[in-house]
Amino acid sequence: MPQIPELPGTLVTQHEQQQWLKHLVARMCNMDKPKFPGSQPVSFSGKDLTKLERQDYWVCEKSDGIRVLLLVCTDTSSKDQAVYLIDRHNDYRQLTGIFFPHHENPTFPLRNTLIDGELVIDTDPHTKQETLRFLAFDCLVVDNQNVMSRPLDKRYGRLSEWFYKPYARMLREYPQMIHGQPFDIKVKEINFSYHVEKVFNVDIPALQHGHDGLIYTCVNTPYSPGTDENILKWKPPSENSIDFKLVLRFPPCPSEPGKPDFHAKPVFLLHVWYGGSNYELYDEMYVDDDEWEKMKLTGEQIDDRTVEVRWDPAVLHWRMMRFRDDKPNGNHRDVVEKIIQSIVDGVEKDVLLKSSNAIRSAWKARLHKPRPQTQTQRQPPHPSVALRPTPPSQKLSQAHVPTHVEYRYGPLAPSPWSKVGGPPVIAGMKR
């Protein structure tokens, strides 16, 4: 699996400072509650091919790193600027050695700004040198202006012109400042949805970091914190993954049946998140003996962690991909159901590529149609957009549908052999 970077910066632990920052971001984003403001995609399925024909979407590779928001916090009276990273846990880490100039006057600091992006580790294929890099792909607030209600192309323009270009110009003029940066910054390249072949054949081969699919983002809809039905995460059906909480359950000890045998290989249970602190048993993860031995050799805690799994048709079970400590919880039960449906009704790469011509034709047709007049609109649409009657859905080849995938639900009976009992370390391994 690709290397997952560690988050730089100093974790903000003082309660008063935490609350002040969280409420600041909530005000900046016009949110009622101080929560993580980032948007989350939904899994791509066959019906979404029609979505790509009906509306303008942009597409890019889905980087395999850590999702973070970059917060620039500026006191306009003193011109003091502080910069933070916000992770999915809604924790804040303060960064040092970095400054963002104002786009109109570089001697002044950029005012309050919130940028969405991904932190990755790029590895040079020749020198093997690793570079921690922040890939910015959207913005919520820039220079004290909330742009969440604007279409994606406008937000992307502000991201480039007001945030990135002044920063890049500063580093060109003062190259000595590069050495103090906590990471490199780039704006992620995004393509029209019908240019997906370029993403596969040009963009992805040139990457120096891991990737795990594509992200389609609707051009004409606002930025929405939380799950956004207008952001589509595509993976080949065989590579779709789900995040659960992993819980170990041990068999009884042969000599003392009333006690669990912590030296034996446990059962690996996957618990699904219902919101808050509520989890329920969902299914079992398959781990062979060799994998179990390797797990023990790591000396890491195994149970009570968020784990990313995929469906393996060879054993008809979920298989572990990696731990996801960057996520505070597994996927919500509703999301799990949608991901499973995307596995059953998934779209293979060849079908996605074949759909490009229909997507391109629909996009071009919208350019020549007048924009419909409506009494109320949530936001001004992109000038190139005019909704038209839904085109006939492209019929998908049944060859890509994995008929052997089955829905696996059902709680097991409660058991005293759960991981929650027993000592924290067994045979030198953290439980």
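Residues numbered from 1 in each chain as written. Predicted model: local features only at pLDDT ≥ 70, side-chain atom pairs only at ≥ 80, totals over all residues. Heavy atoms only, no water.

**Topic: the overall build of the chain**
Phase 1: Across its full length, the chain carries 8 helices and 20 strands.
Phase 2: A buried classification covers 52% of the 431 residues belonging to the chain.
Phase 3: The contacts in the chain between residues at least 6 apart in sequence include a share of 69% that link residues at least 24 apart.
Phase 4: Surface accessibility of the chain: about 21,200 Å² in total, with carbon and sulfur atoms responsible for 51%. (Helix = DSSP H or I, 4+ residues; strand = E, 2+ residues; numbered from the N terminus. Buried < 20%, exposed > 50% of the residue type's maximum accessible area, 1.4 Å probe, protein only. Contact = heavy atoms within 4.5 Å. Areas by Shrake-Rupley, 256 points an atom, 1.4 Å probe, with all protein chains shown as cover.)

**Focus on the confidence of the model for the chain**
Phase 1: Here the chain averages 85 in pLDDT, while 85% of its residues score no lower than 70.
Phase 2: Throughout residues 374-414 the model reports pLDDT below 50, and contacts reaching past four residues in sequence, or to other chains, amount to 75 contacts.
Phase 3: This stretch, residues 416-421, has a pLDDT under 50; its non-local contacts, to residues over four places away or in other chains, come to 20 contacts. (pLDDT = per-residue confidence, 0-100.)

**As for the pattern of salt bridges**
Phase 1: The final tally for this structure, using the stated rule, is 32 salt bridges.
Phase 2: We note a salt bridge from Glu-308 to Arg-324, for which the minimum N-O separation is 3.3 Å. Here Glu-308 is found in strand β17 (residues 305-312), whereas its partner Arg-324 is found in the loop between β18 (317-323) and α6 (333-344), with 16 residues between them in sequence. Neither residue differs from the other here; Glu-308 and Arg-324 are each classed as buried.
Phase 3: Counted as one network, the salt bridges with shared partners bring together Lys-62, Asp-64, Arg-88, Asp-212, Lys-235, Glu-308, Arg-322, Arg-324 and Asp-326. (Salt bridge = Lys/Arg side-chain N within 4 Å of Asp/Glu carboxyl O.)

**Considerations on unusual backbone geometry**
Phase 1: Backbone geometry places Asn-30, a non-glycine residue, at a positive phi of 60°.
Phase 2: Of note, Asn-30 is situated in the loop between α1 (15-28) and β2 (39-43).
Phase 3: At Asp-304, a position not held by glycine, the phi torsion is positive, near 60°.
Phase 4: Within the secondary structure layout, Asp-304 lies in the loop between α5 (289-298) and β17.

**What to know about the sheet that holds strand β16 (residues 278-286)**
Phase 1: Taken together, 5 strands build a closed barrel; the order of strands is β14-β15-β16-β18-β17 and the barrel is mixed. The average undirected angle you get between the axes of adjacent strands in this sheet is 55°.
Phase 2: The pairing of β16 with β18 spans 2 bridges and is parallel. From the neighbouring strand, Met-285 faces β18, where its bridge partner is Trp-318.
Phase 3: Of the strands in this sheet, β14 (241-249), β15 (267-275), β16 and β18 touch α6, which is tilted by about 115° from β14. (Pairing = 2+ DSSP bridges. Axes fitted to C-alpha atoms, helices over the stretch in contact; angles between N-to-C directions.)

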